[in-house]
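# An overview of the molecular structure
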Amino acid sequence: MNTIGYSRSHSYMLDLLMQQKTQLEDKSIQLTSGLKSQTYGGISSDSRMALELRREISNIGIYEDSNAIASIQLDLMGKSLEHMEKMRAESVSAIDDNNYTLTTDGQTTSQQATEIMLHETISQLNSEVNGYYLFGGKDATEPPVASLDAIMDGQGGKLGLKELMKRYENAHIGASENGRIESSVTSPAGVPTLTLQQDNVEGFGFQINSVTASSTDVTTAVVPEDVSDPLNLQGKKGTFAFNDTPEVGDTIEVELELPDGSKSVVKLTATDDPDAGEGTFLIGTGADPTLESAQNAQAAFDKAISGIAKTELRAVADVQAGEEFFGNHGRTDPAPKVPKADGSGYETGTDLLVDWYTGTENGDDPRADKVVQIDDNVRVEYGARANEKAFSEQLQNLAVFVAADFTAVTLDDEASEAVAKSYYSSLAKKSDDALSVAGDRNSGIQSVASEMSVVNTTVKRTAERQKQAALTYQNTLTSLENVDKTEVGTEIAVLRTDLEASFQATSILLNLGITNFLR
């Protein structure tokens, strides 16, 4: 009997059985887990690539969250901007300078419609997503825009827009309601002279640009202000020296400049008809017709200038108040100017107005208030502040029109109602012009919307690109780490057959039962 040959066969068969048993166990684990190996060492040369792919997929997963939040915020911001732009466009249609129709609550129908649009604009500027207010700047956790009631009527002892408008109206129109242009008639050297003079207080009221006359019978001059004597300040003057009695058809006029730089010309025509009406002055017929003519011209100027003061100048005062309240954009000194209640100058105190905006306020670019990294080499900026020019000007133009009081001083008085209607028409036209956009130009809000649209497109395209990249990475990783379960199942069946054959051969040698071997 060859003992050596038997021993070698015995050892070989046991090793073969153990290898096949190990292979069967490995394949069974692969079939259960779906992985080629439970460690990266088991996939040898592919391990580095697999680790890199997993890192890339993990990074994309991190960006997915920030991209999703940015996309939601930008989508809502886009809708808010779209709605505000709609409010602007509708307000242009609602504010009709010819539609002076008062309702029972004292507002015009145009004001009622515009107030709804103002409410909507404030609401959109206070939009938030999960506690972040989109138009509040950096880390905004509170509504950036005050309520409409606080804006209009003030709060906590601070003045609202209505009171500021009233103060500017009083300051510009003046106590005599003549736009701070005082008139007088004197006779130096026996020549009746009509003088129109500014009162020289803080630049309030009208400025006299020029005075002219069509006839050589009336000599005109403009005398510059004289501030050489602090106790007797003399404002700019316009004089009309009546050297002789005017003739029918002769004209005299003064050009007045309003605080916004616009001009208004008062032109009077000499007449001998007592019923000629506005725009005329009656030629004197008494003992001193030249002096009487000058006095009649004074009365006509006073009436005409007062009418402009109560309408055009008042509307300009309202707009100026709105600019000071909401921020005169681009000025070096951002502190608003508040006239004293009696119109004698400006208040020296500060922080007198209610804070209509309480978000981020500094010299930085508002877009930089919200910066999001959406990819390794891509970041986007989409911060916004309600006090940006595009938004605050819309608020200003809507709010000033809504806050105005268009009721007649004396109800059922034809002249008083005519003044109220003219004032309404002046302010409505200014508001409408300010809210309108010429030609094919974009409004301020449309420009902001375009910026945000570009950013939103960048975010969405980046997210889609990352999604495709992640899918590619995952497919490659799957091919590196995962097994084909059908193929593994086939291999297991072959291994079981081989193991059974090996066992039968070995059992003959060792006289073993398979139960004992696998135990």
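Residues numbered from 1 in each chain as written. Predicted model: local features only at pLDDT ≥ 70, side-chain atom pairs only at ≥ 80, totals over all residues. Heavy atoms only, no water.

### Some thoughts on the packing of aromatic side chains
For the record, the criterion: By convention, a stacked pair of Phe, Tyr or Trp rings (six-membered ring in the case of Trp) has centres within 6.5 Å and planes under 30 degrees apart, an edge-to-face pair has planes over 60 apart, and any other such pair is tilted. Under the scheme used here, helices are H or I runs from DSSP no shorter than 4 residues and strands are E runs no shorter than 2 residues, and both carry numbers assigned from the N terminus. Only protein chains enter the accessibility calculation, which uses a 1.4 Å probe; a residue is then buried when its area is under 20% of its type maximum, exposed when over 50%, and partly exposed in between. Placement of a positive charge over a ring is assigned whenever Lys NZ or Arg CZ falls within 6 Å of the ring centre and within 35 degrees of the normal to the ring plane.
Enumeration over the complete set of coordinates arrives at eleven aromatic pairs. Centre to centre, the rings of F406 and Y423 are 5.1 Å apart; their planes meet at 50°, and the pair counts as tilted. One end of the pair, F406, is in the loop between α7 (389-403) and α8 (414-435); the other, Y423, is in helix α8, with 17 residues separating them in the sequence. Of the two residues, F406 and Y423, neither departs from the other in class, the shared state being buried. Among the aromatic residues, ring-to-ring pairing joins Y100, F401, F406, Y423 and Y424 into one connected group. The ring of Y423 is capped by R314, whose NZ or CZ atom sits 4.0 Å from the centre of that ring. One residue, K370, lies across the ring of Y132, its end atom 4.3 Å from the ring centre.

### A short note on the sheet that holds strand β3 (residues 181-186)
Just so we agree on the cut-off: Strands qualify as paired when DSSP identifies two bridges or more between them. In this description, a line fitted to the C-alpha atoms serves as the axis of each element, helices being fitted only across the stretch in contact, and the angle between N-to-C directions of two axes falls anywhere from 0 to 180 degrees. Whether two residues touch is decided by their heavy atoms; if any such pair falls within 4.5 Å, the residues are in contact.
Pairing within the open sheet is antiparallel, and its four strands lie in the order β3-β4-β7-β6. The outermost strands of the open sheet, each flanked by one partner alone, are β3 and β6 (218-223). Here the strands of the sheet are splayed against their neighbours by 15° on average, with no regard to which way each runs. Contacts from helix α6 (residues 289-326) reach β3, β4 (193-198) and β7 (237-242), with the element oriented near 175° to β3.

### With respect to the nonpolar core
Nonpolar side chains tend to gather and get buried jointly when the protein is soluble and globular. Rule in force here: What is meant by a nonpolar core is a set of buried Ala, Val, Leu, Ile, Met, Phe, Trp, Tyr and Cys residues, joined one to another through side-chain atoms within 4.5 Å.
With 67 residues, the main nonpolar core has L81, L118, F135, L161, F325 and F391 as its most contacted residues. The element that contributes the greatest number of residues to this core is α7, accounting for nine residues. Once residues lying within four places of it in the same chain are set aside, the contact partners of F135 are M77, S80, L81, M84, Q124, L125, P144, Y357, A384, R385, A386 and F391. One finds I181, F242, L268 and L313 within the second-largest nonpolar core, a separate group that totals 28 residues.

### Some remarks on unusual backbone geometry
The general pattern is negative phi for most residues beyond glycine and trans for most peptide bonds. Backbone geometry at A189 places phi at a positive 55°, although glycine is not the residue there. Here the phi dihedral of D412 falls at roughly 60°; this positive angle occurs in a residue that is not glycine. With a relative accessible area of 74%, D412 lands in the exposed category.

### Section: the pattern of salt bridges
Rules: Whenever Lys or Arg places a side-chain nitrogen within 4 Å of a carboxyl oxygen from Asp or Glu, that contact is recorded as a salt bridge.
On inspection of all chains with the given rule, the structure shows 16 salt bridges. A salt bridge links K162 to D153; the nearest nitrogen and oxygen atoms lie 4.0 Å apart. Measuring nitrogen to oxygen at the nearest pair gives 3.5 Å for the salt bridge that ties K310 to E177. With a gap of 133 residues between them, K310 in helix α6 and E177 in the loop between α5 (161-173) and β3 connect regions that are remote in the sequence. With relative accessibility at 39%, the residue E177 sits in the partly exposed group. Beyond isolated ion pairs, a larger network of salt bridges with shared partners links K158, D351 and D355.

### Re the packing of α7 against α8
For clarity, the cut-off: The labels follow the angle: roughly parallel below 35 degrees, roughly antiparallel above 145, roughly perpendicular from 65 to 115, and oblique for the rest. By definition, any crossing whose near helix is turned counterclockwise from its far helix by less than a right angle is left-handed, and any crossing with a clockwise turn is right-handed. Classification used: nonpolar for Ala, Val, Leu, Ile, Met, Phe, Trp, Tyr, Cys and Pro, charged for Asp, Glu, Lys and Arg, polar for all others including Gly.
Orientation of α7 relative to α8, taken along the N-to-C sense of each, is 165°, at an axis distance of 10 Å. The angle between α7 and α8 places the two elements in the roughly antiparallel class. As for how α7 packs across α8, the hand of that crossing is left-handed. Facing α7, whose interface residues are Q394, N397, L398, V400 and F401, α8 presents Y424, L427, A428, S431, A434 and L435. For the contact of α7 with α8, the class distribution of residues is eight nonpolar, three polar and no charged.

### A short note on the confidence of the model for the protein
Spelled out, the test is: Note on scores: pLDDT gives the predictor's confidence for each residue, bounded by 0 and 100.
For the protein, mean pLDDT is 86; residues scoring 70 or higher make up 80% of the total. Per-element averaging of pLDDT across the protein places helix α11 (residues 514-518) at the bottom with 53 and strand β8 (residues 251-257) at the top with 98. Under a pLDDT of 50 for its full length, residues 1-6 has, in the predicted model, two contacts with residues more than four places off or in other chains. In this model, residues 40-44 is a region of pLDDT below 50 whose contacts with residues beyond four sequence positions or in other chains number eleven contacts.

### Focus: the side chain of H172
Applicable threshold: Polar contacts, as used here, are pairs of N or O atoms within 3.5 Å; protein pairs need one atom able to donate a hydrogen and one able to accept it. Residues neighboring in sequence count only if both atoms are side-chain atoms.
With respect to the helices, strands and loops of the structure, H172 is situated in helix α5. Within polar-contact distance, the side chain of H172 engages the side chain of Q320 at 2.7 Å. Non-local contacts of H172, meaning those with residues more than four positions away in its chain, are made with G179, R180, G203, F204, G205, P259, L313, A317 and Q320.

### Thoughts on the packing of α6 against α8
Look at α6 against α8: their axes get within 8 Å of each other, and the N-to-C directions meet at 40°. Judged on the interaxial angle alone, α8 and α6 are oblique. Crossing of α6 against α8: the hand is right-handed. Contact residues: K310, T311, E312, R314, A315, V316, D318 and V319 in α6; V419, S422, Y423, S426, L427 and K430 in α8.

### Some thoughts on the side chain of R367
As for its placement among the helices and strands, R367 is situated in the loop between α6 and β11 (371-375). Polar contacts involving the side chain of R367 include one to the side chain of E451, which spans 3.0 Å. In contact with R367, other than residues within four places in its own chain, are E381, Y382, G383, A384, E388, V448, E451 and M452.

### Some words on a negative patch on the surface
Rules: Each patch is built from residues that are more than 30% exposed by relative accessible area and take part in no salt bridge. Like charges join if they lie within 9 Å; nonpolar side chains (Val, Leu, Ile, Met, Phe, Trp, Tyr) join within 5 Å. Accessibility throughout is a Shrake-Rupley quantity obtained with a 1.4 Å probe, and a residue counts as covered only by protein chains that appear here. None of His or the chain ends enter the tally, which takes Lys and Arg as positive and Asp and Glu as negative. Charge positions are represented by NZ for Lys, CZ for Arg, CG for Asp and CD for Glu.
Together, D412, D413, E414 and E417 make up a negatively charged patch on the protein surface. With respect to the element layout, D413 can be found in the loop between α7 and α8. Of the residues examined, D413 reaches a relative accessible area of 31% and is grouped as partly exposed.

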